[in-house]
Amino acid sequence: MRLVKNVAGVDGLHIALDAFGEAAERRLFESQRIHAPQESHGPNSDADSRRAGRCHRPLPDDVDLFRVCNLVGDCGLYPGYVTPDYVYAITYPPKAAFNKHLDSRYRWGETVVGVTLGQAGTVYFEPNTQAIKAAGPPAAAPPDAGEAGGADAFRVRIKHYDESGSFAIELELPRRSVYVMSGEARTLWKHGIRQQKPGSLPPPPPWNPYNMRRALTLRATKAFSDACLQERLRQATDEAERAALRRRIAAQDKFRPQSSAARLNDRDLAELREEGERMRRHVATQRHRHARFPPSELHFPLPESVACGVRAAADSWPPNGGLRLGGAASPLGSVALASEEEELQEAIRASLRAAGAPVATEPGSSAGGGGGGEGDPIE
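Quick look at the structure, then. Bear in mind the structure is a predicted one, so any value in this text is a computation, not a measurement. (Residues numbered from 1 in each chain as written. Predicted model: local features only at pLDDT ≥ 70, side-chain atom pairs only at ≥ 80, totals over all residues. Heavy atoms only, no water.)

Some words on the pattern of salt bridges
Item 1. For the coordinates displayed, the defined rule picks out 25 salt bridges.
Item 2. Between Asp-62 and Arg-33 there is a salt bridge, with its nearest N and O atoms 3.2 Å apart. Taken together, the positions of Asp-62 in the loop between strand 3 (55–58) and helix 4 (63–74) and Arg-33 in helix 2 (residues 32–35) put the pair 29 residues apart, joining distant regions of the chain.
Item 3. Here Arg-33 falls in the partly exposed class, since its relative accessible area comes to 48%.
Item 4. One salt-bridge network, held together by shared partners, links Asp-18, Glu-22, Glu-25, Arg-175 and Arg-176. (Salt bridge = Lys/Arg side-chain N within 4 Å of Asp/Glu carboxyl O. Helix = DSSP H or I, 4+ residues; strand = E, 2+ residues; numbered from the N terminus. Buried < 20%, exposed > 50% of the residue type's maximum accessible area, 1.4 Å probe, protein only.)

This is the structure:
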């Protein structure tokens with residue numbers, strides 16, 4: 001595994017390359033619990049709420065998802081990572097793309113994590129402020145930086161659009177790579193996915209005959225993320241850790257939580273924060289909360305504190321690998337889901353049908369053109 005921090009000079013953009021093995025990749029790629037459409041439910045599951053992007057859907061109770069979440073912290077990609085309450089699984093058939101956008105800083109927490117499965121892709125970043133645009137590409141981002149070839153290799157490119165100074169930083173995403181947007185990368189840069197060009201991509205594995213890229217985006221809803229950070233501060237005893245948590249909380253306090261595009265009044269905000277705290281307590285009891293990939297599927301050594309727990313319970317590996325260190329609990333509850341535009345989704349479904357691939361019937365389950373504003377989904 002290879003870690004690259006602050007990729008191309010973008011503060012808070014980190015990537016782990018070749019983070020886990022192909023057996024784990026295939027399970028995540030093929031999991032019906034992750035990729036199959038699910039019925040909306042809950043108090044905001046009516047048609048108007050779905051159109052507004054407020055329908056609720058349970059996070060799949062899939063052990064490999066929790067293993068990926070724990071990998072983010074264990075490998076050093078983002079120490080102190082908050083296990084999210086939301087996953088968005090999206091399928092990119094050949095020639096699919098996703099327009100630039102900014103995941104709402106008011107609906108989603110401090111980080112966005114992306115996992116690439118089945119085929120490589122390219123994510124691009126464009127400045128969301130005039131100051132960054134005027135400054136030009138960071139000095140640490142020369143054109144065509146990086147090397148291609150191996151599982152832990154990637155390339156960074158600078159694309160200049162015109163003489164006005166507009167530019168984008170393009171980052172190749174190999175299979176089994178995991179990237180995190182935090183800090184400025186999360187709040188000051190828009191991002192999107194370039195159109196797949198099949199001729200320029202490496203051959204897919206045999207279990208991906210339609211040459212599709214599947215991506216998992218892991219995000220914590222804002223009220224849930226805030227509640228998790230506050231609880232960590234209450235539990236922390238080391239002063240350096242407490243100081244770091246206070247800085248993280250202060251950075252997040254700039255963005256008042258919302259559940260939709262509209263600003264909440266104080267009463268509704270208090271209710272949203274109570275819901276976030278209830279979800280925090282619920283997630284803390286999940287049976288897979290502390291699951292890890294088995295050592296044979298990891299490409300880095302686990303931290304000693306985690307490895308000790310693994311060795312102490314080495315006879316507990318389930319048949320498909322991994323270790324359960326937490327207690328049993330109910331499925332993971334519901335979270336906000338931002339809706340895709342149906343017209344764009346139908347175009348993607350048509351391309352899948354033409355390729356003879358399985359077609360999801362619910363918006364939001366395969367890639368589309370996307371919108372550019374806050375509150376739009378992923379990646």
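There is more to say after this.
What about helix 4?
Item 1. The end-to-end C-alpha distance of helix 4, which contains 12 residues, comes to 16 Å, matching closely the 16 Å that a straight helix rising 1.5 Å per residue would cover.
Item 2. Burial analysis of helix 4 places 11 of its 12 residues in the buried class, the great majority of the element.
Item 3. Sitting at the head of helix 4, Asp-62 places a side-chain oxygen 2.9 Å from the backbone nitrogen of Asp-64.
Item 4. Just past helix 4, the residue Gly-76 takes up positive phi, approximately 90 degrees. (Expected span 1.5 Å × (residues − 1). Polar contact = N/O pair within 3.5 Å; in protein donor to acceptor, adjacent residues only side chain to side chain.)

Describing the side chain of Glu-231
Item 1. Here Glu-231 is to be found in helix 7 (residues 222–235).
Item 2. Judged by its relative accessible area of 18%, Glu-231 falls in the buried class.
Item 3. A distance of 2.8 Å separates a polar atom in the side chain of Glu-231 from a polar atom in the side chain of Gln-235.

Thoughts on the environment of Met-279
Item 1. In this structure, Met-279 sits in helix 9 (residues 266–283).
Item 2. For Met-279, a relative accessible area of 13% corresponds to the buried category.

A closer look at the side chain of Thr-91
Item 1. Here Thr-91 lies in strand 4 (residues 86–92).
Item 2. Thr-91 sits in the buried class, given a relative accessible area of 6%.
Item 3. A distance of 2.9 Å separates the side chain of Thr-91 from the side chain of Arg-214, its partner in a polar contact.

Digging into the packing of helix 7 against helix 9
Item 1. Direction vectors running N to C along helix 7 and helix 9 enclose 65 degrees, while the axes themselves pass 8 Å from each other. Helix 9 is crossed by helix 7, and the crossing has right-handed handedness. Contacts from Ala-223, Phe-224, Asp-226, Ala-227, Cys-228, Glu-231 and Arg-234 in helix 7 reach Leu-272, Arg-273, Gly-276, Glu-277, Met-279, Arg-280 and Val-283 in helix 9.
Item 2. In the contact of helix 7 with helix 9, the residues fall into seven nonpolar, one polar and six charged. (Axes fitted to C-alpha atoms, helices over the stretch in contact; angles between N-to-C directions. Left-handed = near helix turned anticlockwise from the far one by under 90°. Contact = heavy atoms within 4.5 Å. Nonpolar A, V, L, I, M, F, W, Y, C, P; charged D, E, K, R; others polar.)

Topic: the pairing of strand 12 (residues 189–193)
Item 1. Counting buried positions along strand 12 yields four of five residues, so the element is predominantly enclosed.
Item 2. Where strand 5 (residues 98–101) meets strand 12, two bridges bridge the pair, whose relative direction is antiparallel. Within the sheet, the bridge partner assigned to His-101 lies in strand 12 and is His-191.
Item 3. Examined bridge by bridge, strand 7 (residues 121–127) and strand 12 share five bridges and lie antiparallel to one another. From the neighbouring strand, Glu-126 faces strand 12, where its bridge partner is Lys-190. (Pairing = 2+ DSSP bridges.)

A few points about the sheet that holds strand 13 (residues 213–221)
Item 1. Read across the sheet, six strands follow the order 1-2-11-6-13-4 without closing on themselves; strand pairing throughout is antiparallel. Since the sheet does not close on itself, it has two edges, and those belong to strand 1 (2–4) and strand 4, each with one partner. Here the average twist between neighbouring strands, direction ignored, is 15 degrees.
Item 2. Two elements, strand 6 (residues 108–117) and strand 11 (residues 178–181), share four bridges in a ladder whose sense is antiparallel. Counterpart to Val-113 in the pairing with strand 11 is Val-180.
Item 3. Each of strand 6 and strand 13 touches helix 7; the most contacted strand, strand 13, lies at about 60 degrees to it.

None of this, on its own, says anything about what the molecule does.
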